[in-house]
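Remarks on the overall topology
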Amino acid sequence: MPPPEKLIGIIGKTNVGKSTLFAALTLAPVAIANHPFTTIKPNIGVGYVRKKCVHVELGLEKCDPRTGMCIKGNRFIPVKIMDVAGLIPGASQGRGLGNKFMDDLRQADILIHVVDASGSTGPDGTPAKPGTYDPVEEAKLIQKEVDEWFVSVVRRVWENKISRQIYLVNNPIEYITQNLSGLSINKNHVIEAIRLAGLEDKHPKKWSSDDIREFALMLRRVSKPILIAANKADLPTAEDNIKRLIKEFGKENVVPVSALAEYILRKAAQKGLIEYLPGDNDFKIIDSSRLSKEQLHALELVRRKMLAKYGSTGVQELLNKAVFNVLKLIVVYPVEDHNKYTDHYGNILPDAYLVPEGTTAKELAYMIHTDLGKTFLYAINAKTKEKVGETYVLRDNDVIKIVAAAARR
Ligand SMILES: Nc1nc2c(ncn2[C@@H]2O[C@H](COP(=O)(O)OP(=O)(O)O)[C@@H](O)[C@H]2O)c(=O)[nH]1
Ligand SMILES: [Mg+2]
């Protein structure tokens, strides 16, 4: 069982730049071999979080990623991204909320809500004069939509199923989790939501209608957190709205981005026109004679309006924040040879796993291979060469060898 695949959903109304963001995020900076995901649907793509590769810390010349890539000491690790179709205000009341949309939303582990921070997209998605529409109101409205949708789903399950059986079951938390698993939630989400709703001391069979609502709202918050992408930050009217978004939702929940700027840079980099890595604070033109006047101008605008002003286009930061700060995943590198940091075939640090904070050595063993988990003996921290036991809690950037009775594969 490989590490749990997290799915990042992109939501927002029409014309705010969702497709541009999706295109930018899923455009690999260099041609790459393969990704680890088995099923990819048409609206699901592969993006990459960026992190300093552990091979640098270990003083190695290079590494050999099996998936993703490592460029100039930066490891790009794949994650799944979904372009969620068609969200419009009023959706939770049934207007325009298709089954497709709900299915998509259910599967997501985190939502990136794209707003047009320049305020140039009207409530129904039609273009408006920049500065005439309020993205703060829009962001509040969408959060409310998602909340109401989530509450209605939980309520339905509760009334039709949970309330009838909850008297009889031994483990209510387990039972609630099972019945709500269609919302991609796990036991920890349920426990945390109960705590946040202040319902720890009240048996679920006694929950009132209001209690169920409060629980559902907290469950939404922990199982489908929303990160706001304040898009079109390159436009002048965005600046004030970004400040207001940050004031309303907090700095940790808002990232100023220009999806278009990132798309332009990645395209140019892919064609070998510029030297640029997603997340960089600048780019270098490789050969200006290969660029038209218009292209040079567009690049100069990107530099002036985004890179010089915000330190990047924000797109890489957005994805990193979603994965490392909101989902709280860490990176661990399983190896077979803890002295050479290689796999069976001599590949250096071939795998970078994104795992939840708190994952233990034994849980990692199970992710690598069920047999390794079942016959786990101990693990070796390859950086210190220390032996660690099954309860060892992995740390970010750990390089780990699992020692088990059953040989791998
Ligand atoms: N200035 C600017 N325009 C953008 C940006 N991102 C998208 N756009 C433009 O906004 C329009 C709508 O973009 P699109 O990605 O199709 O929006 P969607 O309907 O949400 O998928 C297009 O004309 C894009 O070029 C951005 O960061 N800055
Ligand atoms: Mg679109």
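What counts and what doesn't
Residues numbered from 1 in each chain as written. Chains lettered and ligands numbered in written order. Predicted model: local features only at pLDDT ≥ 70, side-chain atom pairs only at ≥ 80, totals over all residues. Heavy atoms only, no water. Helix = DSSP H or I, 4+ residues; strand = E, 2+ residues; numbered from the N terminus. Expected span 1.5 Å × (residues − 1). Buried < 20%, exposed > 50% of the residue type's maximum accessible area, 1.4 Å probe, protein only. Contact = heavy atoms within 4.5 Å. Phe/Tyr/Trp six-rings, centres within 6.5 Å; stacked < 30°, edge-to-face > 60°. Core = buried A, V, L, I, M, F, W, Y, C linked by side-chain atoms within 4.5 Å. Domains from an automatic or database assignment. Near = heavy atom within 4 Å. Polar contact = N/O pair within 3.5 Å; in protein donor to acceptor, adjacent residues only side chain to side chain. Areas by Shrake-Rupley, 256 points an atom, 1.4 Å probe, with all protein chains shown as cover. Nonpolar A, V, L, I, M, F, W, Y, C, P; charged D, E, K, R; others polar. Axes fitted to C-alpha atoms, helices over the stretch in contact; angles between N-to-C directions. Parallel < 35°, antiparallel > 145°, perpendicular 65-115°, else oblique. Left-handed = near helix turned anticlockwise from the far one by under 90°. Salt bridge = Lys/Arg side-chain N within 4 Å of Asp/Glu carboxyl O. Bend = angle between axes of the 7 residues up to and from the residue.

1. A few points about helix α9 (residues 259–270)
Between its terminal C-alpha atoms α9 stretches 16 Å, which fits the 16 Å expected from 12 residues at 1.5 Å a residue. Among all positions of α9, only Ala259, Ala261, Glu262, Leu265, Arg266, Ala268 and Ala269 are buried. Contact partners of the buried residues in α9: α1 (18–25), β6 (226–231), β8 (274–275), α10 (293–310) and α11 (315–326). Once α9 finishes, Gly272 follows within two positions and takes phi at roughly 75 degrees, a positive value.

2. Remarks on the packing of aromatic side chains
Counted according to the given criterion, the structure contains four aromatic pairs. Note on Trp149 and Phe150: the rings are 5.8 Å apart at their centroids and 70 degrees apart in plane angle, and the pair reads as edge-to-face. As far as burial versus exposure is concerned, Trp149 and Phe150 are alike and both buried. Both rings, one in Trp158 and one in Trp207, keep their centres 5.1 Å apart while their planes meet at 15 degrees; by these two values the pair is stacked. Taken as a pair, Trp158 in helix α4 (residues 135–165) and Trp207 in the loop between α6 (187–196) and α7 (209–223) lie far apart in primary sequence, 49 residues in all. The exposure class assigned to Trp158 is buried, which follows from its relative accessible area of 3%. The exposure class assigned to Trp207 is buried, which follows from its relative accessible area of 8%.

3. Describing the nonpolar core
The biggest cluster of nonpolar side chains holds 40 residues, and the ones touching the most others in it are Leu21, Leu349, Leu354 and Val399. Put simply, the parts of the chain that give this core at least two residues each are β1 (7–11), α1, β4 (74–83), β5 (110–116), β6, α11 and β10 (329–335). Two domains each put at least three residues into this core: domain 1 (7–134 + 226–324) and domain 3 (334–404). For Val399, the contacting residues outside a window of four places in its chain are Val54, Leu58, Tyr333, Val335, Tyr341, Leu349, Ile380, Asn381, Ala382 and Lys383. Counting residues in each nonpolar core, the second largest holds 38 residues, with Met102, Ile142, Trp158 and Val190 among its members.

4. Some points on unusual backbone geometry
Even without being a glycine, Tyr341 presents a positive backbone phi close to 60 degrees. Here Tyr341 shows up in the loop between β10 and β11 (353–356). Residue Lys385 is not a glycine yet carries a positive backbone phi of 65 degrees. Tracing the sequence through the fold places Lys385 in the loop between β12 (376–381) and β13 (386–388). According to the relative accessible area criterion, Lys385 is partly exposed, its value standing at 37%.

5. A look at the site of ligand 1
Close to ligand 1 lie 15 residues, the nearest being Asn15, Lys18, Ser19, Thr20 and Asp234. Residue Ser19 places a main-chain N or O atom 2.8 Å away from an oxygen atom belonging to ligand 1. Here Ser258 contributes a side-chain N or O atom positioned 3.1 Å from an oxygen atom of ligand 1. For ligand 1, whose accessible area on its own is 580 Å², the fraction buried by protein is 73%. Elements with a minimum of two residues in the shell around ligand 1: α1 and α9. A per-element tally of the shell around ligand 1 places α1 first, with three residues. Looking at side-chain class alone, the shell around ligand 1 contains four nonpolar, seven polar and four charged residues.

6. Comments concerning the packing of α4 against helix α5 (residues 172–179)
Two numbers describe how α4 lies on α5: the axes approach to 11 Å, and their chain directions differ by 150 degrees. Between α4 and α5, the angle is such that the two are roughly antiparallel. In this structure, α4 meets α5 at a crossing whose hand is right-handed. Across the interface between the two elements, Val157, Trp158, Lys161, Ile162 and Gln165 from α4 touch Tyr175, Ile176 and Asn179 from α5. Of the residues belonging to the contact of α4 with α5, the class tally is five nonpolar, two polar and one charged.

7. Section: the pattern of salt bridges
Considering all chains together, one arrives at 20 salt bridges under this definition. Residues Arg50 and Asp280 are paired through a salt bridge, measuring 2.8 Å at the closest nitrogen-oxygen approach. Separated by 230 residues along the polypeptide, Arg50 in strand β2 (residues 44–52) and Asp280 in the loop between β8 and β9 (284–285) bring together distant segments of the chain. A salt bridge links Glu262 to Arg266; the nearest nitrogen and oxygen atoms lie 2.7 Å apart. Note that Glu262 and Arg266 are positioned in helix α9 at a spacing of four residues, about one turn of the helix. Relative accessible area serves as the criterion here: at 4%, Arg266 is assigned to the buried category.

8. Some points on the domain arrangement of the chain
Segmenting the chain into domains produces domain 1 (7–134 + 226–324), domain 2 (144–220) and domain 3 (334–404). Taking only C-alpha atoms into account, the centre of domain 2 sits 35 Å from that of domain 3.

9. A word on α10
A rise of 1.5 Å per residue sets the reference length of α10, with its 18 residues, at 26 Å; its end C-alpha atoms lie 25 Å apart and thus fit the reference within 8%. The largest bend in α10 amounts to roughly 35 degrees and is located at Arg303. Restricting attention to buried positions, one finds in α10 the residues Leu299, Val302, Met306 and Leu307. Contacts made by the buried residues of α10 are with α9 and β8. Downstream of α10 by a residue or two, Gly311 has a phi angle that is positive, lying close to 90 degrees.

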